Amino acid sequence: MNSDLLVSASLLGCDLSNLENEIKRAQDAGADWLHFDVMDGIFVPNISFGQPVLKAVKKCASVPIDTHLMIKDPIRYVEEFAKAGSHMITFHIEATREPLMVIDRIRSSGAKAGISVKPGTPVGMIKELVPYVDMVLIMTVEPGFGGQGFIHETLKKVSMVKALAESAGKKIHIEVDGGINSKTAAECRNAGADVFVSGTYLFNSQDMSKAVASIKGL
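In this numbering scheme, every chain counts its residues from 1 along its sequence in written order. pLDDT decides what is reported in this predicted model: residues at 70 or higher carry local features, side-chain atom pairs at 80 or more are listed and counted, and totals for whole chains, interfaces and linings draw on all residues regardless. Heavy atoms from the whole structure form the basis of all side-chain values; hydrogens and water molecules are not counted.

Would you mind showing me how to read the overall build of the protein chain here?
Helix numbering and strand numbering both begin at the N terminus, where a helix is a DSSP run of H or I of at least 4 residues and a strand a DSSP run of E of at least 2. On a plain count of helices and strands, the protein chain comes out with eight helices and eight strands. Here the globule rule reads 2.2 Å times residues to the power 0.38, and the radius of gyration is calculated from C-alpha atoms. Scaling as 2.2 N^0.38, a compact globule of 218 residues should have a C-alpha radius of gyration of about 17 Å, and the protein chain matches this with 16 Å. Each principal axis of the C-alpha atoms in the protein chain carries an extent, and together these give about 40 × 35 × 30 Å. Here, residues are in contact when the closest pair of their heavy atoms is within 4.5 Å. Taking contacts inside the protein chain between residues at least 6 apart in sequence as the whole, the part at least 24 apart equals 65%. About 9700 Å² of surface is accessible on the protein chain, with carbon and sulfur atoms providing 50% of the total. In this count, Lys and Arg are taken as positive residues and Asp and Glu as negative ones, while His and the chain termini are left out. Each charge is placed at NZ for Lys, CZ for Arg, CG for Asp and CD for Glu. On the protein chain, the mean spot of the 23 positive side-chain charges and the mean spot of the 25 negative ones are 2 Å from each other. Only the protein chains shown count as cover for residues, and the accessible areas themselves come from Shrake-Rupley with a 1.4 Å probe.

In structure tokens, the structure reads:
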């Protein structure tokens, strides 16, 4: 298995009435991370999970927790999500005017830092930040809802971020999130992505191990 590629199983796509078993199923299937979406109903029109649920997930998790903050002014909650068990905390460039302060707060809280852009946001918005983060998350659907169709135009952003990281001499993860399945993952791999968030495709599969492997191109 290609150890350079990681699959982050999005809990937004699981059966929440059976959360502990769904986490175990994803981990047993070979998911490398668990993706934890936080939505506030302001930055995006939906509301999802908060710190109490993350603490419960942490009790069941044997892999790193990849927390995606889709919230306004993320600096307010970074420390709490780090304490609750986040390994990686990713925030949106569109949600703050002080991204470097958010990155510093994430790091000082003991987590790794990621930054994300929506499909309509130019990569230029994060160009100066690439050297300071551990991961860039390219949204391949509009954030806020699971089960959307993949936006192919976002593939250009993956390639652009890869080029920015290489020119800066920085090795970072490039994560894609939204509409990821075996076919779209192949396109994202070719563009330079190495972390693949998948919820609906994984949790609705009859054989999740095969689904994880297919995302990695195996």
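So what exactly am I meant to see when it comes to the pattern of salt bridges here?
Pairs may arise between side chains of opposite charge once their charged atoms sit close together. Salt bridges are counted wherever a side-chain nitrogen of Lys or Arg sits within 4 Å of a carboxyl oxygen of Asp or Glu. One pass over the full model with this rule turns up seven salt bridges. Between aspartate 28 and lysine 24 there is a salt bridge whose closest N-O contact spans 2.8 Å. You can see aspartate 28 and its partner lysine 24 sitting in helix α1 (residues 19–28), four residues apart, about one turn around the helix. Think of it in three bands: with a 1.4 Å probe and only protein chains considered, a residue is buried below 20% of the maximum accessible area for its type, exposed above 50%, and partly exposed in between. Its relative accessible area of 54% is what places aspartate 28 among the exposed residues. Given a relative accessible area of 47%, lysine 24 falls into the partly exposed group. Taking the shortest distance from any N to any O, the salt bridge between arginine 107 and aspartate 134 comes out at 3.0 Å. Note that arginine 107 is positioned in helix α4 (residues 99–108) and aspartate 134 in the loop between β5 (112–117) and β6 (135–139), a separation of 27 residues in sequence.

What am I meant to see in the pairing of strand β7 (residues 173–177) here?
The side chains of a regular strand alternate between the sheet's two faces. β7 sits mainly inside the fold: four of its five residues count as buried. Criterion used throughout: strands pair if DSSP finds at least two bridges between them. Direction of pairing for β6 relative to β7: parallel, over a ladder of five bridges. In the strand pairing of β7, valine 136 is matched with isoleucine 174. Crossovers are described as right-handed under a simple rule: with the strands pointing away from the observer, the path leading from the first strand over the helix to the second runs clockwise. The parallel pair β7 and strand β8 (residues 195–198), bridged by helix α6 (residues 182–191), forms a crossover whose chirality is right-handed.

What am I meant to see in the side chain of aspartate 37 here?
Structurally, the position occupied by aspartate 37 is in strand β2 (residues 33–39). In this structure, aspartate 37 is buried with no salt-bridge partner, the nearest side chain bearing the opposite charge being lysine 118 at 13 Å.

Please clarify how the packing of α1 against helix α2 (residues 51–60) should be interpreted in this entry.
Each pair of packed helices can be summarised by the angle the axes make with each other and by the distance between the axes. Axis definition: a line fit to C-alpha positions, over the contact stretch in the case of helices; interaxial angles, taken between N-to-C directions, run 0 to 180 degrees. Interhelical geometry of α1 versus α2 gives an angle of 50 degrees and a closest axis separation of 10 Å. On the basis of the axis angle, α1 is oblique to α2. Crossing angle aside, the handedness with which α1 passes α2 is right-handed. Across from Leu19, Glu20, Ile23 and Gln27 in α1, the residues of α2 making contact are Val53, Val57 and Cys60. By the convention adopted, Pro, Cys, Tyr, Trp, Phe, Met, Ile, Leu, Val and Ala count as nonpolar, Lys, Arg, Asp and Glu as charged, and the other residues, Gly among them, as polar. In terms of residue class, the contact of α1 with α2 is built from five nonpolar, one polar and one charged. Between 65 and 115 degrees an angle is taken as roughly perpendicular, under 35 as roughly parallel, over 145 as roughly antiparallel, and anywhere else as oblique. By the definition used in this description, the sense in which the near helix is turned from the far one sets the handedness, with an anticlockwise turn below a right angle giving left-handed and a clockwise turn giving right-handed.

Looking at this structure, how should I read the sheet that holds β5?
Backbone hydrogen bonds are what pair the strands of a sheet, in a parallel or an antiparallel way. Pairing is parallel around the closed barrel formed by eight strands, whose spatial order is β1-β2-β3-β4-β5-β6-β7-β8. The sheet shows a mean angle of 25 degrees between the axes of neighbouring strands, direction not considered. Pairing of strand β4 (residues 88–92) with β5, which is carried by five bridges, proceeds in the parallel orientation. The residue of β5 that forms the bridge with methionine 88 is lysine 112.

What should I look at first to understand the nonpolar core in this one?
Nonpolar side chains in soluble globular proteins tend to be buried together. Put simply, a nonpolar core is a bunch of buried Ala, Val, Leu, Ile, Met, Phe, Trp, Tyr and Cys residues held in one set by side-chain atoms that sit within 4.5 Å of each other. Core analysis: the largest hydrophobic core is formed by 62 residues, its most contacted members being Leu11, Phe36, Val136 and Phe196. In terms of residues, this core owes the most to one element, helix α5 (residues 155–167), which gives five residues. In this structure, valine 136 is in contact with Ile115, Ile126, Val130, Val161, Ile172, His173, Ile174 and Glu175, ignoring residues within four places of it in sequence.

Explain α2 to me, please; I cannot follow it from the model alone.
One turn of an α-helix holds 3.6 residues; hence residues three or four places apart share an orientation. Every buried residue belonging to α2 is among Gln51, Leu54 and Val57, and all of these are buried. Buried residues of α2, viewed axially, fall in a sector of 110 degrees; they line one side. Turned more than 90 degrees off the buried face of α2, the exposed positions are Pro52 and Lys59. Tucked inside the fold, the buried residues of α2 contact α1, β2, β3 (65–70) and α3 (78–83). Arc definition: it is the arc formed by the directions from the helix axis to the C-beta atoms.

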